[in-house]
Amino acid sequence: MKTIWSLAGVLLFTSLALGQGHAQSTPAEARIAQARGAIEKHPDYYSSYNELAWALARRARETGNPSYYEQAEEALRHSFRLQPDNLEGKKVQCWLMLGKHEFARARELARELNRHVPDDVLVYGFLADANAELGNYEEAEAAAQWMLDLRPGNIPGLTRAAYLRELYGDVEGALELMRMAYEQTDLGELEDRAWLLTQMGHLHLVIHQDAEAESSLAEALRLFPRYHYALGVLGELRMKQQRWADAVELFELRYAAAPHPENLYSLAEALERAGRSREARRVFRTFERQALRESGGDDNANRELIFYYIEHAHKPAKALRLAQRESTRRQDVYTLDAYAWALHANGRHREARAQIDRVLTVGARHSLFQSHAKAITASLDPVKVSR
């Protein structure tokens, strides 16, 4: 899910985001230590390896560091050696697939698990996540509804329903569900609470409630300093406010915390807006190299690479080839929007219109979607355009 947040001012931001981080272990770190302690005492208990894998997966989200997924997979290998294909281990495996953006594989495993345990709320969550990322929104909605039917008001069900409401254009309804989830979250779950606050900040930003976004994001940073999701969202807010230098600083901090190519792309754009053209060109080149290295994998920066080829490198043909390939993997609104923009950049405006119409039909109130739709429509012969 996308996230957005911000702080009440530069001084407040400096005191929170540039602070020294946690004096104590994070929730995931504490669970990792507990699981490893249990394994030392009973190395033949497969369940302890499952617990370690869960904790490592959570640590991957806390830090944005994918190496924790590799460690989690190693823990699962121990679990399956002790108890082949045990149910809890398979559930962790599905979660890891989602974390690594292996959405099609995750959906198939979730379907298999659902056949074995048709009343498991978490498995329905996996189905909701995988289908939403693949663009199968009706299936995702059905899975999220099952979560809430089986256990009314459960936090994972509320967050999935909120994400879908946002996609369908009901941002206010999404906010309500996120607040409900936040109010039920244990006070000790610092990263979970920071994630929910970040989501709320994002939603406030979508509907131009910038002050409310600031408030949510300030609290997110207080709970979890240097939180990479929050740094990115605050950077988006600063870009909207045309505070380019602040945006550059935020995106630099995010990339330092989570050095993924897509995070470099945002930094390069901020540098360009800040008038630091030479640095921007250097960062764009680094982004392209890194993005190309992982372009063929599931966890990639292909959407950003498409926009880079169109907006900055002026290589529309490359953008279109990449967009066509990516659209065979997934049909979510973000991928379809990038595909539409690549078609438009190559002069294939009617095809572009067909793709952007698929995006708009879902209902998401994303300003970029609206901007692209307007430009694509303007490129068509007004006599032939029908709406």
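It should be emphasised that the depicted structure is a prediction, and the values quoted were computed from it without experimental measurement.

About the criteria used
- Residues numbered from 1 in each chain as written.
- Predicted model: local features only at pLDDT ≥ 70, side-chain atom pairs only at ≥ 80, totals over all residues.
- Heavy atoms only, no water.
- Phe/Tyr/Trp six-rings, centres within 6.5 Å; stacked < 30°, edge-to-face > 60°.
- Helix = DSSP H or I, 4+ residues; strand = E, 2+ residues; numbered from the N terminus.
- Buried < 20%, exposed > 50% of the residue type's maximum accessible area, 1.4 Å probe, protein only.
- 1 Å grid on protein atoms, 1.4 Å probe; cavity = no way out; pocket = protein on both sides within 12 Å on 5 of 7 lines; lining within 4 Å.
- Points joined across faces, edges and corners; volume = space filled by probe spheres on them.
- Nonpolar A, V, L, I, M, F, W, Y, C, P; charged D, E, K, R; others polar.
- Salt bridge = Lys/Arg side-chain N within 4 Å of Asp/Glu carboxyl O.
- Contact = heavy atoms within 4.5 Å.

1. Description of the packing of aromatic side chains
Move 1: Throughout the structure, instances matching the rule amount to 11 aromatic pairs.
Move 2: Considering the side-chain rings of Tyr 124 and Trp 146, the 5.6 Å spacing of their centres and the 10° angle between planes classify their relative orientation as stacked. Here Tyr 124, found in helix α7 (residues 121-134), pairs with Trp 146, found in helix α8 (residues 137-150); they are 22 residues apart in sequence, far enough to count as distant.
Move 3: With a centroid separation of 5.6 Å and 55° between ring planes, the pair formed by Tyr 334 and Phe 369 is classed as tilted. One end of the pair, Tyr 334, is in helix α19 (residues 333-345); the other, Phe 369, is in helix α21 (residues 367-379), and 35 residues separate them in sequence. Across the pair, exposure class does not vary: Tyr 334 and Phe 369 are buried alike.
Move 4: Put simply, the rings of Tyr 265, Phe 284, Phe 287, Tyr 308 and Tyr 309 pair up and form one aromatic cluster.

2. With respect to the layout of surface pockets
Space left empty within the atom packing is revealed by a probe, the size of a water molecule, rolled over the atoms.
Move 1: Size it by volume and the second largest pocket reaches roughly 220 Å³.
Move 2: Taken together, 16 residues form the lining of the second largest pocket, with Glu 62, Thr 63, Pro 225, Arg 226 and Ala 257 sitting closest to its centre.
Move 3: Among the secondary structure elements, those contributing two or more residues to the lining of the second largest pocket are α3 (46-63), α13 (228-240) and α14 (244-257).
Move 4: Classifying every residue of the lining of the second largest pocket by side-chain character gives seven nonpolar, five polar and four charged.

3. Notes on the pattern of salt bridges
Move 1: In total, this model carries 32 salt bridges according to the counting rule given.
Move 2: Ionic pairing is found between Arg 59 and Glu 29, a salt bridge with its closest N-O pair at 3.1 Å. With a gap of 30 residues between them, Arg 59 in helix α3 and Glu 29 in helix α2 (residues 27-41) connect regions that are remote in the sequence.
Move 3: Residue classification places Glu 29 among the partly exposed positions, given a relative accessible area of 29%.
Move 4: With its nearest N and O atoms 2.7 Å apart, the salt bridge here joins Arg 222 to Glu 219. Here Arg 222 pairs with Glu 219, and both are found in helix α12 (residues 210-223), just three residues apart, close to one helical turn.
Move 5: By relative accessible area, Arg 222 is classed as partly exposed at 48%.
Move 6: In the salt-bridge network here, residues are joined through shared partners; they are Arg 31, Arg 58, Arg 61, Glu 189, Glu 191 and Asp 192.

4. Let's talk about helix α17 (residues 302-311)
Move 1: The buried fraction of α17 amounts to nine of the 10 residues, a majority that puts the element mostly inside the structure.
Move 2: Burial in α17 covers these residues: Asn 302, Arg 303, Glu 304, Leu 305, Ile 306, Phe 307, Tyr 308, Tyr 309 and Ile 310.
Move 3: Buried positions along α17 lie against α15 (261-273), α16 (277-293), α18 (316-329), α19 and α21.

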